[in-house]
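Per-entry structural report
Chain by chain, the residues:
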Amino acid sequence: MTEPSSAPATPKDFIREIIDEDLASGKHSGTVTRFPPEPNGYLHLGHAKSICLNFGIAEEYGGRCHLRFDDTNPTKEEVEYVESIKTDIHWLGFDWGEHLYFASDYFEQLYEWAVHLIRSGKAYVDDQTAEEIRKSRGDLQTPGTESPFRDRSIEDNLELFSRMRAGDFADGEKVLRARIDMSHPNLNLRDPVLYRILHAEHHRTGDAWCIYPMYDYTHGQSDALEHITHSLCTLEFENHRPLYDWFLENLPVPSLPRQIEFSRLNLNYTVMSKRKLLQLVTEGHVSGWDDPRMPTISGIRRRGYPPEAIRSFCKTIGITKFESTNDFALLEASVREVLNRTASRYMAVLDPIKVVLTNYPANFVEEMEAMMNPEDPEAGSRNVPFSRELYIEREDFMEVPPPKYFRLSPGTEVRLRSGYFIRCEEVIKDDAGEIVELRCTYDPETRSGSNPPDGRKVKATIHWVSASHAVDAEVRLYDRLFASEFPDRGEGSFLDHLNPDSLKVLSNAKLERNLSSAEIGETVQFERLGYFCVDPDSTADRPVFNRTVGLKDAWAKAKGQG
RNA sequence: AACUCCGUGGUGUAACGGUAGCACAACAGAUUUUGGUUCUGUUUGUCAAGGUUCGAAUCCUUGCGGGGUUGCCA
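**Some thoughts on the sheet that holds strand 10 (residues 345–346)**
Strand order in the open sheet formed by 7 strands is 10-23-24-25-21-22-11, with mixed pairing between adjacent strands. Each edge of the sheet is formed by a strand with only one pairing partner; in this case those strands are strand 10 and strand 11 (348–349). Sheet topology note: the strand 21 (residues 471–478)/strand 22 (residues 503–511) ladder contains 7 bridges and is antiparallel. The residue of strand 22 that forms the bridge with Arg476 is Val505. Helix 12 (residues 328–342) rests against strand 10, strand 23 (523–526), strand 24 (530–534) and strand 25 (544–550) of the sheet, and its axis sits at about 115° to strand 25.

**Some remarks on the pattern of salt bridges**
According to the stated counting rule, one finds 50 salt bridges in the structure shown. Among the ionic pairs, Lys135 bridges to Glu131, the shortest N-O distance being 3.6 Å. Placement of the pair is Lys135 and Glu131 together in helix 5 (residues 130–136), with a separation of 4 residues, close to one helical turn. Look at Lys135 and you get exposed, because its relative accessible area is 60%. Between Arg302 and Asp290 there is a salt bridge, with the nearest N and O atoms lying 3.3 Å from each other. With Arg302 in helix 10 (residues 297–303) and Asp290 in the loop between helix 9 (274–282) and helix 10, the pair connects residues that are 12 residues apart, well separated along the chain. Taking the relative accessible area as the measure of exposure, Arg302 reaches 14% and is therefore buried. What you see here is one network of salt bridges that share partners, running through Asp290, Arg302, Glu474, Arg476, Asp535 and Asp537.

**With respect to the nonpolar core**
Core analysis: the biggest nonpolar cluster contains 38 residues, and Leu45, Ile51, Phe55, Ile89, Leu92, Ile310 and Leu331 have the highest contact counts within it. Counting residues per element, the ones that place at least two in this core are helix 2 (45–60), strand 2 (64–69), helix 3 (79–92), helix 10, helix 11 (307–317) and helix 12. Ranked by residue count, the leading element in this core is helix 2, at 6 residues.

**Observations concerning the layout of surface pockets**
In this model, the largest pocket occupies a volume close to 1200 Å³. Lining of the largest pocket is provided by 46 residues; of these, Leu477, Tyr478, Leu529, Arg547 and Gly550 occupy positions nearest its centre. Secondary structure elements with two or more residues in the lining of the largest pocket: helix 10, helix 12, strand 21, strand 22, strand 25 and helix 13 (554–560). Among the elements that take part in the lining of the largest pocket, helix 12 stands out by supplying 5 residues, more than any other. Space inside the second largest pocket adds up to approximately 860 Å³. Residue lining of the second largest pocket: 29 residues in total, with Pro36, His47, Glu236, Phe237 and Lys274 positioned closest to the centre. Elements with a minimum of two residues in the lining of the second largest pocket: strand 1 (32–35), helix 2, helix 7 (215–225) and strand 8 (230–234). For the lining of the second largest pocket, the leading source of residues is helix 2, giving 4 residues. For the lining of the second largest pocket, the per-class residue count stands at 10 nonpolar, 10 polar and 9 charged.

**Focus on the packing of aromatic side chains**
Following the criterion strictly, the structure yields 23 aromatic pairs and no others. Their ring planes at 80° and their centres at 5.1 Å tell us that Phe386 and Trp464 sit as a pair that is edge-to-face. Taken together, the positions of Phe386 in strand 14 (residues 381–386) and Trp464 in strand 20 (residues 464–466) put the pair 78 residues apart, joining distant regions of the chain. Look at Phe386 and you get buried, because its relative accessible area is 0%. Taken together, Phe107, Tyr111, Phe161, Tyr195, Trp209, Tyr212, Tyr217, Trp246 and Phe247 form an aromatic cluster joined through their ring pairs. Residue placement shows Lys174 over the ring face of Phe169; its charged tip is 4.7 Å from the ring centre.

**Focus: the environment of Tyr346**
With respect to the helices and strands, the residue Tyr346 is situated in strand 10. Separated by 38 residues in sequence, Tyr346 and Val384 place their C-alpha atoms 9.1 Å apart. Residues within four places of Tyr346 in sequence aside, it is in contact with Met372, Arg382, Glu512, Asn514, Leu515, Val524, Gln525, Phe526 and Glu527.

Rules used in this analysis
- Residues numbered from 1 in each chain as written.
- Chains lettered and ligands numbered in written order.
- Predicted model: local features only at pLDDT ≥ 70, side-chain atom pairs only at ≥ 80, totals over all residues.
- Heavy atoms only, no water.
- Pairing = 2+ DSSP bridges.
- Helix = DSSP H or I, 4+ residues; strand = E, 2+ residues; numbered from the N terminus.
- Contact = heavy atoms within 4.5 Å.
- Axes fitted to C-alpha atoms, helices over the stretch in contact; angles between N-to-C directions.
- Salt bridge = Lys/Arg side-chain N within 4 Å of Asp/Glu carboxyl O.
- Buried < 20%, exposed > 50% of the residue type's maximum accessible area, 1.4 Å probe, protein only.
- Core = buried A, V, L, I, M, F, W, Y, C linked by side-chain atoms within 4.5 Å.
- 1 Å grid on protein atoms, 1.4 Å probe; cavity = no way out; pocket = protein on both sides within 12 Å on 5 of 7 lines; lining within 4 Å.
- Points joined across faces, edges and corners; volume = space filled by probe spheres on them.
- Nonpolar A, V, L, I, M, F, W, Y, C, P; charged D, E, K, R; others polar.
- Phe/Tyr/Trp six-rings, centres within 6.5 Å; stacked < 30°, edge-to-face > 60°.
- Lys NZ or Arg CZ within 6 Å of the ring centre and 35° of its normal.

Structure representation (structure tokens):
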């Protein structure tokens, strides 16, 4: 079983090290993890980190990972979310097989265990109001005070709890609490609430219950019932672990899972909390949960990020207990790395300016052969029509070029990608002085594949589209949703930091003919511009493309530095 | 202030008492029919002070700094 020492094993994070130890010591013979979303919202990149961790460990260790919906709060949860969560996990490339569970499946068992706690004097029914309970809990420096109902007899508690279940009481009238220690320095141990009364319709159990277990009372026992070995969650649950363990110690559970906490994913220039994402949607700052600017899984999918890139990103950022903020550039680097290898190349002109080749025959069309992907010779080639009238990118021409500008300008020559050398002979403007057309000549001896016999060179190659063959399209240019690196920090609302230029719609883009057959969801490269994904808003005669991410742009950088 | 977790280049992450490495970012150069890709090189780091040790990012102490916790949310 020993690896040859020559293999530079990728360093393991502290969680995998713990698993290794547990396997080596015989504490566990296998590994079972779980991903436990609450079905009250859409999954985002933070969840992706947890999904990659839990399902990734299951794959690596030949174990399994359960998908368990933590559905203990009927007032917030909906079936709609259950389905979207399943879709997103599958899209990320993971599968729970037959191990789909719901915490609500355990309601009866959980109830019996609550009775068990009451019988052993470790739980009681409290008649105090929410407000009274809050006040008597004390605070970070002050111990709490015990409830006047704390010492009810076991018989009374049994009777009352049974009547709570039977619906004899109104919402909030009573709760079941654990009987632990009202002066414990960890507030979670100050007689936490186990059950509350909620006369609400549950998405799975309907009206079978009017009392619902709290997260703390549910999670660990669900883990134990499923024989989860390692229950991985984020840092904010660290203070809950003593309570998690308390239940396992005081209940006849079938297994002893271990909770381990790691730091959640933070990304700059975005927000990740469900509440804030929901706010962006409900207040209309974005078009929906799947707006391509959203850090939701459905958003990045629509944006065109490949799942492989998300997985590699999660591998790159690692797992630690240190609360850190990851650079958005790291995510984009993962996206570019995958797309550079896999995306087909096409030409598209986003902001067109017409070029007429005065020495090229009218009504003549040549089919130029172009590589589908220079990084992947197997991808083959495509034909691109070439003719007398073309479009080129407006920013690929400058009448008065600054130093180091390699593209087209009056009198200079560039290569058209997969086409010919052209030289700009004349600039045509309208009355307003706006450039409307360039008159150029082409060199017949420079057809793609051959260079001019006189050995002359050009300093740039630019993209183009044949005017008569062009497909009209809308292109949506996305930028980061927030202008500030940490929208959460500082005074005021995070909404104050929204980037007003996060979406720019170009409605006059001209695409290479071959792009008309691109399918919704497909991500391609527009040469020299970036990666673009076909949006579901596309129609048969008018495709819509979303910019996934731009190519690195050394010129923009040089220009910016002036 | 109580409890608790955590501090390694600009960012993220390794090094498990023995040469502080990798990725991203930045910068410089080479290649290039994408100012992309690829390749090469450069800059930048162990929070602080003591202690243990032949030797400390690592162990100990203290200090400093950051996160989390006062829902009948998860």
